[in-house]
Amino acid sequence: MKLSKKVVLLGHFGVGKTSLFRRFMDNEFSEEYKVTLGVQIKKKVIQLPDDRELSMVVWDIEGHSDSVKDTRKSYLLGSHAFIYVYDLTREETYINLNKDIEYLTENYTKTPIKVLGNKLDLVNEKEIKNHLTEQNIPYNCLTSAKTNKNVQDFFSDLAKEITE
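Let me sum up the structure you'll find in this document.

A few words now on helix α3 (residues 97-107). Listing the buried residues of α3 in full gives L97, D100, I101, Y103 and L104. Projection of α3 onto a plane perpendicular to its axis shows the buried side chains occupying an angular sector of 155 degrees, all on one side. In α3, the exposed positions angled more than 90 degrees off the buried face are occupied by K99 and E106. For α3, the elements touching its buried residues are β1 (2-10), α2 (73-76), β4 (81-87) and β5 (113-118).

The next thing to look at is the sheet that holds β1. The strand order across the open sheet formed by six strands is β2-β3-β1-β4-β5-β6, and the pairing between neighbours is mixed. Single-partner strands in this sheet number two, and they are β2 (39-47) and β6 (141-142). As paired strands, β1 and β4 are joined by four bridges and run parallel to one another. Paired with V8 across the strands is F82, a residue of β4.

According to the stated counting rule, one finds five aromatic pairs in the structure shown. The interplanar angle of 10 degrees and the centroid separation of 4.0 Å between the aromatic rings of F24 and F155 together place this pair among those described as stacked. In this pair, F24 sits in helix α1 (residues 17-26) while F155 sits in helix α5 (residues 151-162), placing the two residues 131 residues apart along the sequence. The residues F24 and F155 share a single accessibility class, namely buried. Chaining the aromatic ring pairs together yields one cluster made of F24, F154 and F155. The positively charged end of K6 is found above the aromatic ring belonging to W59, 3.8 Å away from the centroid. Geometry around F24 places K44 over its ring, the cationic atom sitting 4.5 Å from the centre.

Reading the values: rules and limits
Residues numbered from 1 in each chain as written. Predicted model: local features only at pLDDT ≥ 70, side-chain atom pairs only at ≥ 80, totals over all residues. Heavy atoms only, no water. Buried < 20%, exposed > 50% of the residue type's maximum accessible area, 1.4 Å probe, protein only. Helix = DSSP H or I, 4+ residues; strand = E, 2+ residues; numbered from the N terminus. Arc of directions from axis to C-beta. Contact = heavy atoms within 4.5 Å. Pairing = 2+ DSSP bridges. Phe/Tyr/Trp six-rings, centres within 6.5 Å; stacked < 30°, edge-to-face > 60°. Lys NZ or Arg CZ within 6 Å of the ring centre and 35° of its normal.

Keep in mind that these numbers describe shape and distance, not what the molecule does.
What follows is the structure in structure tokens.
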């Protein structure tokens, strides 16, 4: 039996949502920055440990500078998971993170939210973890789309979680 689940990438512009999207979907990375206009959608079939297949439909949504509230509601409806991405090198991309998570939790009560700190290749992992802890900034995983660190494992774990 093949399952289908919608997953939405959210976060400020320039945090690496499209790079994560391309790394997961096509195992590609480009240094060239291209702004996402609207939404980019792709599907990837994932083999689950129990021999089922998941058709993960990932929506890469254009970033906003202020709040996730600015995202079109139609992009968010019917989601089985949200992945909120922030840039570990730019504090302004996670300074209002808790407010955005609160908004999503209140308005999409049954949709799990995962938080990714991206661009791990540009920071010292131990120092950034200490900084995030001190600032009370949540994260489920720290990734690097450039080096592929933790990207595939994160999406595999997410696939298992949303199909349980």
